[in-house]
Amino acid sequence: MESKEQDFPFYLPQLVPSQFIVLGAICTANPGLLNQQLNKFKSFEDFWEQNKESIIHNPLPKYLFELLEAKGLSRADVIVRTGLDKAYAYQIFAGMRNPSRDKLITMAFGMNLSEDETQELLRLAGHRELWVKDERDALILFAIRHRLSLVDVHTELERYGLDPLATPVK
């Protein structure tokens, strides 16, 4: 019988499942557990040595590539669908650029992301989530939930006198 380690690359023996969360294919320690452990250590160095494998550095590019794979898309597909500058978009995927909130929302439409996927994308980049009480965000959320195209989003934003997304659709 083969071990579970070969079946699932993130298998960690002798650990309680609630200690870990899965973000796409990224398996990491539960943030609540990490917070508890942070309080128990007298020095950050000790905390870091014990937990550095559980802390994700720059998770946005990893998440973007997981989404590309899950959606069967390439980076070039997203660039064509969004009208983003090619060099800038590739830098986002490489983790060399921290995109604006609007650029990420534009990418979300280009990748046909769900609401949850879009919110996670925004969180990972350090931006606030879409909020239904904000009129512009409400329109964007409506568009995501109803699978409107990026062109339709731009049209509706203009129709309601709201700021357009940062990138014009080509």
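Structure: above.
For the structure given in this document, a descriptive report is provided here. Not measured: the values here are computed from a predicted model.

Re the overall build of the protein
- Scanning the protein for helices and strands turns up ten helices and two strands.
- Starting at the N terminus, the α and β elements of the protein follow one another as α-β-β-α-α-α-α-α-α-α-α-α.
- A fraction of 49% describes how many contacts in the protein between residues 6 or more apart in sequence connect residues 24 or more apart.
- Summed over its atoms, the accessible surface of the protein is roughly 10,800 Å², and 52% of this surface lies on carbon and sulfur atoms.

Things to note about unusual backbone geometry
- Of note, Asn-112 is a non-glycine position whose phi angle comes to about 55°, a positive value.
- Within the secondary structure layout, Asn-112 lies in the loop between helix H7 (101–110) and helix H8 (115–124).
- Note on Asn-112: relative accessible area 40%, which makes it partly exposed.
- Located in the positive-phi region is Arg-147, a residue other than glycine, with phi close to 55°.
- Along the chain, Arg-147 falls in the loop between helix H9 (135–145) and helix H10 (150–159).

Details of a nonpolar patch on the surface
- Together, Leu-38, Phe-44, Trp-48 and Ile-55 make up a nonpolar patch on the protein surface, roughly 370 Å² of accessible area in all.
- Summarising the element assignment, Ile-55 is placed in the loop between helix H3 (44–51) and helix H4 (59–71).
- According to the relative accessible area criterion, Ile-55 is partly exposed, its value standing at 32%.

Considerations on the side chain of Gln-119
- Among the structural elements, Gln-119 can be located in helix H8.
- By relative accessible area, which is 7% here, Gln-119 ends up buried.
- Discounting chain neighbours no more than four positions away, the residues touching Gln-119 are Glu-129, Leu-130 and Leu-141.

Section: H4
- Between its first and last C-alpha atoms H4 spans 18 Å; for 13 residues at 1.5 Å apiece the expected length is 18 Å, and the two agree.
- Count one or two residues on from H4 and you reach Gly-72, which has phi positive near 65°.

With respect to the nonpolar core
- Counting 34 residues, the largest nonpolar core has Leu-64, Phe-109, Met-111 and Leu-121 as the members making the most contacts within it.
- Ignoring anything within four residues of it in the chain, the contact list for Phe-109 reads Ile-140, Ala-143, Ile-144, Leu-148, Leu-150 and Val-153.

Quick word on the pattern of salt bridges
- One pass over the full model with this rule turns up ten salt bridges.
- Lys-52 is the salt-bridge partner of Glu-49, the closest N and O atoms lying 3.4 Å from each other.
- Among the salt bridges present, the one from Lys-71 reaches Glu-117, with a minimum N-O distance of 3.1 Å. Here Glu-117 lies in helix H8 and Lys-71 lies in helix H4, a separation of 46 residues in the sequence.
- Looking at Lys-71, the relative accessible area reads 31%, which means it is partly exposed.
- Residue class for Glu-117 comes out buried when judged on its relative accessible area of 19%.
- One connected set of salt bridges, linked through shared partners, spans Arg-101, Arg-128, Asp-134 and Asp-137.

The rules behind these values
Residues numbered from 1 in each chain as written. Predicted model: local features only at pLDDT ≥ 70, side-chain atom pairs only at ≥ 80, totals over all residues. Heavy atoms only, no water. Helix = DSSP H or I, 4+ residues; strand = E, 2+ residues; numbered from the N terminus. Contact = heavy atoms within 4.5 Å. Areas by Shrake-Rupley, 256 points an atom, 1.4 Å probe, with all protein chains shown as cover. Buried < 20%, exposed > 50% of the residue type's maximum accessible area, 1.4 Å probe, protein only. Patch = residues over 30% accessible without salt bridge, like charges linked within 9 Å, V, L, I, M, F, W, Y side chains within 5 Å. Salt bridge = Lys/Arg side-chain N within 4 Å of Asp/Glu carboxyl O. Expected span 1.5 Å × (residues − 1). Core = buried A, V, L, I, M, F, W, Y, C linked by side-chain atoms within 4.5 Å.

From the geometry alone we can't say anything about function, so treat these as descriptive.
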